[in-house]
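# Architecture at a glance
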Amino acid sequence: MLTTDTDILTAAQGWREAGRGVALATVIETWGSAPRPVGSHLAIDQEGNFLGSVSGGCVEGAVITEAMEVIEDGRPRVLEFGVADETAWRVGLSCGGRIRVLVERVA
């Protein structure tokens, strides 16, 4: 079953209300072939639990890693993955696309 944006945002809010540190990753730009559209979300808590998707594959792992740092230091980040990046194959965007993802702490 696919998780809706409402489910993801509700889960993030619930985690935060339970006292957990939470970050929200949002696809803010795509170019070419991208697995998820602009506006897609991935919620991550301080324990590494997550819900949603911003890309799939190893990109999600890289976003989760950055999200843990965002939870810790509170500084938002914009991450970019794509064919111009030598890590494109490594993180799973060998299909010729590019994505930009905003990761921010949920207050």
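Residues numbered from 1 in each chain as written. Predicted model: local features only at pLDDT ≥ 70, side-chain atom pairs only at ≥ 80, totals over all residues. Heavy atoms only, no water.

Right, let's talk about the sheet that holds strand β3 (residues 50–52) for a bit. Taken together, the 5 strands give an open sheet; going across it, the order is β3-β2-β1-β5-β4, and neighbouring strands pair in antiparallel fashion. Of all the strands in the sheet, the pair left with one neighbour each is β3 and β4 (77–82). Between one strand and the next, the sheet's axes are offset by a mean angle of 20°, whatever the strand orientation. Here strand β1 (residues 22–31) pairs with strand β2 (residues 41–45) via 5 bridges, running antiparallel. Looking at β2, one finds that V22 is bridged to D45. Sheet strands in contact with helix α1 (residues 5–17) are β1, β2 and β3, and its direction is about 20° off that of β2. Contacting β1, β2, β3, β4 and β5 (98–105), helix α2 (residues 57–73) runs over the sheet at an angle of about 25° to β5. (Pairing = 2+ DSSP bridges. Helix = DSSP H or I, 4+ residues; strand = E, 2+ residues; numbered from the N terminus. Axes fitted to C-alpha atoms, helices over the stretch in contact; angles between N-to-C directions. Contact = heavy atoms within 4.5 Å.)

Ranked by internal contacts, the top residues of the largest apolar core, which has 17 residues, are A25, L42, V54, V63, V101 and V103. When contributions to this core are tallied by element, the ones reaching two or more residues are β1, β2, α2, β4 and β5. Contacts of V54, omitting those with residues within four sequence positions, involve A25, V27, R36, S40, H41, L42, E60, V63, I99 and V101. Counting residues in each nonpolar core, the second largest holds 7 residues, with I8, A11, V22 and A43 among its members. (Core = buried A, V, L, I, M, F, W, Y, C linked by side-chain atoms within 4.5 Å. Buried < 20%, exposed > 50% of the residue type's maximum accessible area, 1.4 Å probe, protein only.)

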